[in-house]
Amino acid sequence: MFDHILYPTDFSDVSMKAMSYVKQLKDAGAKKVTVLHVIDDRTLVVPDVFSGIDFMAVENELRRIADEECNKIVEQLRESGLEAWFKIEKGVPFREIIRVAKEDDVSLIVIGSHGKSNIEEMLLGSVSEKVIRKAVRPVLVVKR
Ligand code: ATP
Ligand code: MN
């Protein structure tokens, strides 16, 4: 039933907790996992001339770190006996998550209720809220 899982991650503690559920879903028939990290391009919009920050260098470093983290995750999932690969996309996180869910025709999305911000008063993070709203596939939300 949940043959192909989309696992979007921001590498936060909550999303790592969600990964333990991805592994356990093997017992429920899961076979393939697409790991997805989105580099939020809204954090890369200030023109270099105003900030003095080299955004190209920032993006390259973010990609390098994401690559490393995704490789570790994929390795762990493979050790659990799942087929796994990763995608790193640049854009607005919830949009890319919805787009890849369609592109890969996944049967389930597994996300954390919260991510890096993990604000105490929030019932859900903004990414998980929008994914739940827009997804046409089942979503498993793992609570913090
Ligand atoms: P907010 O971002 O609204 O301040 P938050 O960081 O606590 O709040 P979300 O960003 O909604 O919460 O994170 C919820 C879940 O969404 C994460 O556990 C992760 O599964 C997924 N997620 C969040 N950001 C990304 C991202 N950039 N790429 C892939 N998945 C993400
Ligand atoms: Mn977030």
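Residues numbered from 1 in each chain as written. Chains lettered and ligands numbered in written order. Predicted model: local features only at pLDDT ≥ 70, side-chain atom pairs only at ≥ 80, totals over all residues. Heavy atoms only, no water.

J.: So what exactly am I meant to see when it comes to the pairing of strand β1 (residues 4-8) here?
T.: For a regular strand, side chains alternate in direction, first toward one face of the sheet and then toward the other. Judged by how many residues are buried, β1 sits mostly within the fold: five of five residues are covered. Burial along β1 is two-sided: the residues His4, Leu6 and Pro8 and Ile5 and Tyr7 are all buried. In terms of strand pairing, β1 meets strand β2 (residues 32-40) through five bridges, oriented parallel. Looking at the pairing, Pro8 lines up with Leu36 of β2. Traced from β1 through helix α1 (residues 13-24) to β2, the parallel crossover comes out right-handed. When β1 meets strand β4 (residues 108-112), the two strands line up parallel, connected through two bridges. Note that in β4 the partner of Ile5 across the bridge is Leu108. (Buried < 20%, exposed > 50% of the residue type's maximum accessible area, 1.4 Å probe, protein only. Helix = DSSP H or I, 4+ residues; strand = E, 2+ residues; numbered from the N terminus. Pairing = 2+ DSSP bridges. Right-handed = clockwise from strand over helix to strand, strands pointing away.)

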